[in-house]
Amino acid sequence: MIAKILTWMDDRLDISAMRHLAVNKTVPVHRFSWAYFLGGAVLFLLMIQLATGILLLLYYRPSAEEAYESVQFIVAEVEFGWLIRSMHSWSANLLVGVAFLHLFTTFFMKAYRKPRELTWTSGVLLLFLMLGFGFSGYLLPWNELAYFATQVGTDIVGAVPLIGHPLMVFLRGGEQVTGATLTRFFGFHVAVLPALTTVLILLHLGLVQKHGISVPPKLENKAYKTLPFLPNVLLRDVLAWYVLLAVLVTLCAFFPWELGTKADPFVSAPQGIRPEWYFLFMFETLKIIPSSVLGMEGETLGVLGFGLAALALILVPFWDYLAQRMGRPALLTWLGVLAVIYMAAMTMVGYL
């Protein structure tokens, strides 16, 4: 019966090439093979985000007057609404964490080298979109913490030279964070960012299939073991997803995501206001930069620095090529180690 179904689909959709690719695809086996599961974990968490997000959309109302009350209704009145909301929030955090880990392992395994430069670029852009999802979705419950964190975050955007203020006004829908900001962020969160993410995911997966899975530089031009993707690696992927789902449900059960108090633009910002953990290293960096550096405003200098760092991350394959031409192939690796240590240290400082 399965053969007949596949034949029927092949006559109409020409899936023979996909079947051939799935049957013949192999995955390298070495001591860092666990890193290959991270891409699948990101995709799995994205599917959870999509499923839980659609369920939340059935009840959520994107306006300053009703947003908080609609989330409150989901948590308190809708059956298993608290679980769906907690899964959406916790999986968002896990998604960003796993995406960063996927980026780091790809970087240190040199998986961005020829011919995978575009695979790296599309992956970095996907990470930026994940951060955009986090920033836009943070405001949607319209609680006090999210309101003031968004105000601080958009103020930082306003510090960008030349285009900063117009960009801030565009994001806020005006000079201040208001209901118009909430509506815009909702549009970004459920329409603009998902559309861009879908295109980039299809491109990224297509490039991965075209160029195959890379191996660490030490294994290049050497014989190494492989495992067939079907069924061996796929079953391991599914097992990893089950473990990830168990972790997610455990977090939701023991640490349900809190709603907090409703945002009030007329009260003072609470003490200790800070962004989500994945923006915390940037937030703390901007805090320690002096107010004026060589005649330039410190915050503006910090924002420019992070913009250049993002551009440098996209151009990593180019820097690696230059490092090899200079006879210093390990230079980029050490810079990456320093960057990871700095991000981790500044995040810890933010919490302490």
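The rules behind these values
- Residues numbered from 1 in each chain as written.
- Predicted model: local features only at pLDDT ≥ 70, side-chain atom pairs only at ≥ 80, totals over all residues.
- Heavy atoms only, no water.
- Helix = DSSP H or I, 4+ residues; strand = E, 2+ residues; numbered from the N terminus.
- Buried < 20%, exposed > 50% of the residue type's maximum accessible area, 1.4 Å probe, protein only.
- pLDDT = per-residue confidence, 0-100.
- Axes fitted to C-alpha atoms, helices over the stretch in contact; angles between N-to-C directions.
- Parallel < 35°, antiparallel > 145°, perpendicular 65-115°, else oblique.
- Contact = heavy atoms within 4.5 Å.
- Nonpolar A, V, L, I, M, F, W, Y, C, P; charged D, E, K, R; others polar.
- Salt bridge = Lys/Arg side-chain N within 4 Å of Asp/Glu carboxyl O.
- Arc of directions from axis to C-beta.
- Core = buried A, V, L, I, M, F, W, Y, C linked by side-chain atoms within 4.5 Å.

Considerations on the environment of A41
Right, so step 1: Within the fold, A41 resides in helix α3 (residues 37-57).
Right, so step 2: The buried category is assigned to A41, whose relative accessible area is 11%.
Right, so step 3: For the pair formed by A41 and D237, sequence separation is 196 residues and the distance between their alpha carbons is 8.0 Å.

So, the confidence of the model for the chain
Right, so step 1: Residues of the chain with pLDDT of at least 70 account for 100%, and the chain-wide mean is 92.
Right, so step 2: The weakest mean pLDDT in the chain belongs to helix α2 (residues 16-24) at 73; the strongest belongs to helix α5 (residues 81-108) at 97.

A closer look at unusual backbone geometry
Most peptide bonds are trans, and most residues other than glycine sit at a negative phi.
Right, so step 1: With an omega of 10 degrees, the peptide bond between K114 and P115 qualifies as cis.
Right, so step 2: Along the chain, P115 falls in the loop between α5 and α6 (117-138).
Right, so step 3: That bond from L230 to P231 is cis: its omega, 0 degrees, falls within 30 degrees of zero.
Right, so step 4: With respect to the helices, strands and loops of the structure, P231 is situated in helix α10 (residues 229-254).
Right, so step 5: Even without a glycine there, the phi angle at F80 is positive, about 60 degrees.
Right, so step 6: As for its position among the elements, F80 is in the loop between α4 (67-76) and α5.
Right, so step 7: One non-glycine residue, L162, lies in positive phi territory at about 70 degrees.
Right, so step 8: Tracing the backbone through its elements, the reader meets L162 in the loop between α7 (144-157) and α8 (164-172).
Right, so step 9: Residue L162 is classed as exposed on the basis of its relative accessible area of 84%.

Re the packing of helix α11 (residues 277-288) against helix α14 (residues 331-351)
Right, so step 1: For the pair α11 and α14, interaxial distance at closest approach is 8 Å and the crossing angle is 85 degrees. One element, α11, and the other, α14, form an angle in the roughly perpendicular class. Across the interface between the two elements, W277, L280, F281, E284, T285 and I288 of α11 pack against Y342, M343, M346, T347, V349, G350 and Y351 of α14.
Right, so step 2: Tallied by class, residues from the contact of α11 with α14 come to nine nonpolar, three polar and one charged.

Concerning the pattern of salt bridges
Right, so step 1: Across all of its chains, the model carries five salt bridges by this definition.
Right, so step 2: The residue D320 makes a salt bridge to R113 at a minimum N-O spacing of 2.9 Å. Of this pair, D320 sits in helix α13 (residues 316-325) while R113 sits in the loop between α5 and α6; the two residues are 207 residues apart in sequence, bridging distant segments of the chain.
Right, so step 3: Among the ionic pairs, R172 bridges to D155, the shortest N-O distance being 2.7 Å. You can see R172 sitting in helix α8 and its partner D155 sitting in helix α7, a full 17 residues away along the chain.
Right, so step 4: Of the residues examined, R172 reaches a relative accessible area of 3% and is grouped as buried.

Let's talk about α8
Right, so step 1: If you check which residues of α8 are buried, you get G164, M168, L171 and R172. Mapping the buried residues of α8 onto a view down its axis gives an arc of 90 degrees, with all of them on the same face.
Right, so step 2: Residues of α8 that are buried make contact with α7 and α9 (179-211).
Right, so step 3: Phi turns positive, to about 75 degrees, at G173, one or two residues after α8.

Describing the packing of α6 against helix α12 (residues 298-314)
Right, so step 1: Put simply, α6 and α12 touch, their axes get as near as 9 Å, and they point 145 degrees apart. On α12, the residues that touch W120, T121, V124, L125 and F128 of α6 are A310, L313 and I314.

Considering the nonpolar core
Right, so step 1: In terms of nonpolar packing, the biggest core is built from 37 residues, with F100 and W120 touching the most fellow members.
Right, so step 2: Listed by contribution, the elements that provide at least two residues to this core are α3, α5, α6, α9, α10, α11 and α14.
Right, so step 3: With sequence-adjacent residues up to four places away left out, F100 is seen in contact with L127, L131, Y278 and M343.
Right, so step 4: Counting 19 residues, the second largest nonpolar core, distinct from the first, contains Y68, L171, V177 and L259.

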